[in-house]
Amino acid sequence: MRRIVLWFMTTVTALVLLFGYSTSTSGPGAVGGSTVIASGDPVTGGTASASGTTVTGSVVQTRWGPVQVAVTVEGSVITDVSVLQYPTGNGKDQEINSYALPVLVSETLDAQNAGIDMVSGATVTSDGYVQSLQSALDQAGL
Amino acid sequence: MSGGGTAPVVTARYVEHGMGMPISLALRGRHASDEEGRAAWDAVMAELRAADRMFSTYRADSVISRLGRGEVALADCPAEVAEVLALGEAAERDTGGAFAVRRCRPDGSVVLDPSGVVKGWAAERAAGALHALEGTDFCLSAGGDLVCRTLDPEAPPWRIGIEHPHDPLRLIAVVPVATGAVATSGSAHRGGHVVDARTGRVPEGIASVTVVAASLTVADIDATAAYALGRDAVRWLGTRPGRTGLVVWADGSAEPVRGGGTPVPAGG
């Protein structure tokens, strides 16, 4: 068992080193990449201090790159979340912007007359759905 | 290549409720209304429900609630938890603290609420099942935040209406999106009122923010963050490359914004 844990830690450290290297060449997202190594056991995590217990998660691969966070718990509440490795940014951000600008419409235009496929809005909850344009669209299409 | 363009475009629609909001799907093309299309729709709903079980702050037994109470260690949480928390932290950094996944209660305690990140992130993940549908375009809306795809560059884009923040039965604007994501944040957003995390107050002067971006995760976070910034929304959104958007002020006036460029004067 102990062997497995050691093997796992070594693997994680290697991963961290690997990503620490790759992110250090790709911009500000690399901040903290190397400090991860010093944060200790990423699996059992847990360094107690005057300001609570900090637990470090393992490195997670995401679409945005490797991510690692640490959470500080004081008593039974989370008092801090810190990101040891940030996602290095969305590669898509660098794409040339090809999106159209929203075009304002006249007050009387409704979704069906406008030939709308879907509605984006902040009020589209299950409660408000019945009284929404999205509901009208869905019913028209069903 | 297929003989696309000869048959009339038929859009099939699917609706179900999940995560406390309506989930609407429009499909057009080869698998729009066949078994494969329906199976993908089922997979979308299953994915959204799984995300809800993990991240709902309304469920006392969700992983995020248990983490928030310190009952479970981060190391024991699914990898998705770290991903969502990191996205929230990045947004907090980008907005100077106006957007935050941890909020201070009046008594000084901290509550962990990544709702501002989860909705778009979960919908974008759920749309993965739709990407696998060959020859099929989709537009998936999770409670008004949506992600769409159009395979044929010659095909008409999806036409997205932006709801008027003062009247859900009216549109305030329209934006065509072939492939991309649209998210809107406002005072009626699920998860209670969006607040400026620096002050704990509801932002002033602003009614809603819509963001168009390549990723729904990004669009949703930026819409929530810009809304939390209140009167600073247009200026901030204007600095975000690769996005367009619409800021609607409390008085009902609206400003289209091109990220990474200069704000466009309202035209009517």
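The rules behind each value
Residues numbered from 1 in each chain as written. Chains lettered and ligands numbered in written order. Predicted model: local features only at pLDDT ≥ 70, side-chain atom pairs only at ≥ 80, totals over all residues. Heavy atoms only, no water. Helix = DSSP H or I, 4+ residues; strand = E, 2+ residues; numbered from the N terminus. Buried < 20%, exposed > 50% of the residue type's maximum accessible area, 1.4 Å probe, protein only. Areas by Shrake-Rupley, 256 points an atom, 1.4 Å probe, with all protein chains shown as cover. Salt bridge = Lys/Arg side-chain N within 4 Å of Asp/Glu carboxyl O. Pairing = 2+ DSSP bridges. Phe/Tyr/Trp six-rings, centres within 6.5 Å; stacked < 30°, edge-to-face > 60°. Lys NZ or Arg CZ within 6 Å of the ring centre and 35° of its normal.

> Teacher, can you tell me more about the overall build of chain A here?
Within chain A, the regular secondary structure consists of three helices and seven strands. Reading chain A from its N end, one meets helices and strands in the order α-β-β-β-β-β-β-β-α-α. Counting over 142 residues, chain A shows a buried share of 42%. When the accessible surface of chain A is summed, it comes to about 7,600 Å², and 60% of that surface belongs to carbon and sulfur atoms.

> Just to check I follow, could you spell out the pattern of salt bridges for this structure?
A side chain with one charge can pair with a side chain of the opposite charge if their charged atoms come near. Residue and element names in this part refer to chain B. Within this structure, the stated rule accounts for 13 salt bridges over all chains. When the shortest N-O distance is used, the salt bridge between Arg240 and Asp94 registers 3.4 Å. Taken together, the residues span a long stretch of sequence, with Arg240 in the loop between helix H7 (233–237) and strand E11 (244–249) and Asp94 in helix H3 (residues 79–94) at a distance of 146 residues. On the basis of relative accessible area, Arg240 is assigned to the buried category, the value being 15%. In this structure, the salt-bridge partner of Lys119 is Asp145, at a minimum N-O distance of 3.4 Å. A residue pair is termed long-range when its members are at least 10 positions apart, and Lys119 in helix H4 (residues 115–126) and Asp145 in strand E6 (residues 145–149) qualify at 26 residues. Of the two residues, Lys119 and Asp145, neither departs from the other in class, the shared state being buried.

> Explain unusual backbone geometry here, please?
Keep in mind that most residues, glycine aside, have a negative phi and that most peptide bonds are trans. All names here are of chain B. For Met19, which is not a glycine, the phi torsion comes out positive at approximately 55°. Looking at the secondary structure, you find Met19 in the loop between strand E1 (11–18) and strand E2 (21–29). Accessibility expressed as a relative area gives 8% for Met19, which makes it buried.

> Any chance you could explain the pairing of E1(B) here in plain terms?
Moving residue by residue along a regular strand, the side chains alternate between the two faces of the sheet. All names here are of chain B. Relative to E2, E1 runs antiparallel, the two sharing eight bridges. Among the inter-strand pairings, His17 is bridged to a residue of E2, identified as Pro22. The turn joining E1 and E2, which pair antiparallel and follow one another in sequence, is formed by two residues; a positive phi near 55° is taken by Met19.

> How should I be thinking about the packing of aromatic side chains in this particular structure?
We describe a pair of aromatic rings using the distance from one ring centre to the other and the angle between the two ring planes. All names here are of chain B. Applying the stated criterion to the full structure yields two aromatic pairs over all chains. Ring geometry for Tyr14 and Trp41: centres 5.8 Å apart, planes at 40°, overall tilted. A residue pair is termed long-range when its members are at least 10 positions apart, and Tyr14 in strand E1 and Trp41 in helix H1 (residues 35–55) qualify at 27 residues. Look at Tyr14 and you get buried, because its relative accessible area is 11%. Given the relative accessible area of 5%, Trp41 is considered buried. Taking the centre distance of 5.4 Å and the plane angle of 80° together, the rings of Phe55 and Trp121 count as edge-to-face. With Phe55 in helix H1 and Trp121 in helix H4, the pair connects residues that are 66 residues apart, well separated along the chain. By the burial criterion, Phe55 is buried, and Trp121 matches it. When the ring centre of Trp158 is taken as origin, the NZ or CZ atom of Arg28, which lies over that ring, is 3.9 Å away.

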